[in-house]
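Structure at a glance
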Amino acid sequence: MEKSRKELDNMCNLSTGLIERAEARGEARGEAKGEARGIAKGEAKGEARGVAKGEAQTWVTSARNLMKNLKLSAQQAVDAISVPANLRAKVLEQL
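Residues numbered from 1 in each chain as written. Predicted model: local features only at pLDDT ≥ 70, side-chain atom pairs only at ≥ 80, totals over all residues. Heavy atoms only, no water.

Brief notes about the pattern of salt bridges
- Per the stated rule, a full pass over the model turns up 1 salt bridge.
- In this structure, Asp 79 engages Arg 88 in a salt bridge whose closest nitrogen and oxygen atoms are separated by 2.7 Å.
- What makes Arg 88 partly exposed here is its relative accessible area of 23%. (Salt bridge = Lys/Arg side-chain N within 4 Å of Asp/Glu carboxyl O. Buried < 20%, exposed > 50% of the residue type's maximum accessible area, 1.4 Å probe, protein only.)

Describing the confidence of the model for the protein chain
- Of the residues in the protein chain, 94% have a pLDDT of 70 or more, and the chain-wide mean is 88.
- Put simply, helix H1 (residues 2-70) is where the protein chain has its lowest mean pLDDT, 86, and helix H2 (residues 74-80) is where it has its highest, 96. (pLDDT = per-residue confidence, 0-100. Helix = DSSP H or I, 4+ residues; strand = E, 2+ residues; numbered from the N terminus.)

Structural notes on the environment of Gln 57
- Here Gln 57 shows up in helix H1.
- In this structure Gln 57 comes out as partly exposed when scored by relative accessible area, which is 36%.
- When the C-alpha atoms of Gln 57 and Gln 94 are compared, they prove to be 8.8 Å apart, with 37 residues separating the residues in sequence.

Overview of a negative patch on the surface
- Residues Glu 20, Glu 23, Glu 27, Glu 31 and Glu 35 make up a contiguous surface patch of negative charge.
- In this structure, Glu 31 sits in helix H1.
- Accessibility expressed as a relative area gives 51% for Glu 31, which makes it exposed. (Patch = residues over 30% accessible without salt bridge, like charges linked within 9 Å, V, L, I, M, F, W, Y side chains within 5 Å. Areas by Shrake-Rupley, 256 points an atom, 1.4 Å probe, with all protein chains shown as cover. Lys, Arg positive; Asp, Glu negative; His and termini not counted. Charge placed at Lys NZ, Arg CZ, Asp CG, Glu CD.)

Thoughts on unusual backbone geometry
- Positive phi is not limited to glycine here, since Lys 71 has a value of about 55°.
- Take Lys 71: it is sitting in the loop between H1 and H2.
- Even without glycine at this site, Ser 82 takes up a positive phi of about 55°.
- Structurally, Ser 82 can be placed in the loop between H2 and helix H3 (85-94).

So, the environment of Asn 69
- As for its position among the elements, Asn 69 is in helix H1.
- On a C-alpha basis, the gap between Asn 69 and Gly 50 in space is 28 Å, while along the polypeptide they are 19 residues apart.

Quick word on the nonpolar core
- Core analysis: the biggest nonpolar cluster contains 6 residues, these being Trp 59, Val 60, Val 78, Val 83, Leu 87 and Val 91.
- Put simply, the parts of the chain that give this core at least two residues each are H1 and H3.
- When sequence neighbours within four positions are dropped, the list of residues in contact with Val 83 reads Trp 59, Val 78, Arg 88 and Val 91. (Core = buried A, V, L, I, M, F, W, Y, C linked by side-chain atoms within 4.5 Å. Contact = heavy atoms within 4.5 Å.)

Observations regarding a positive patch on the surface
- Taken together, the side chains of Arg 21, Arg 25, Arg 29, Lys 33, Arg 37, Lys 41, Lys 45 and Arg 49 define a basic patch exposed on the protein surface.
- Considering the arrangement of structural elements, one finds Arg 49 in helix H1.
- Taking relative accessible area as the criterion, Arg 49 reaches 63% and is therefore assigned exposed.

Following this line, the structure appears as structure tokens:
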């Protein structure tokens, strides 16, 4: 009976160890997936910001060229190239 008890305890300890290892692996996989998703979201946001900044800079450059070559005011240049309303203030600020 004592031998059976020891074997049972040993099997329980082995099962507990296996469960703990499986949980640790699952946790590590979950963390890795979460980290990868976070990185992907961060990269997407960074890329979107970069594109928006580049777009605004293009409008600024175009407006400056009109101001220089055609002697237009900042407002006239922005109107002439039809800078989108959501970018007008930003573009005018940089001129």
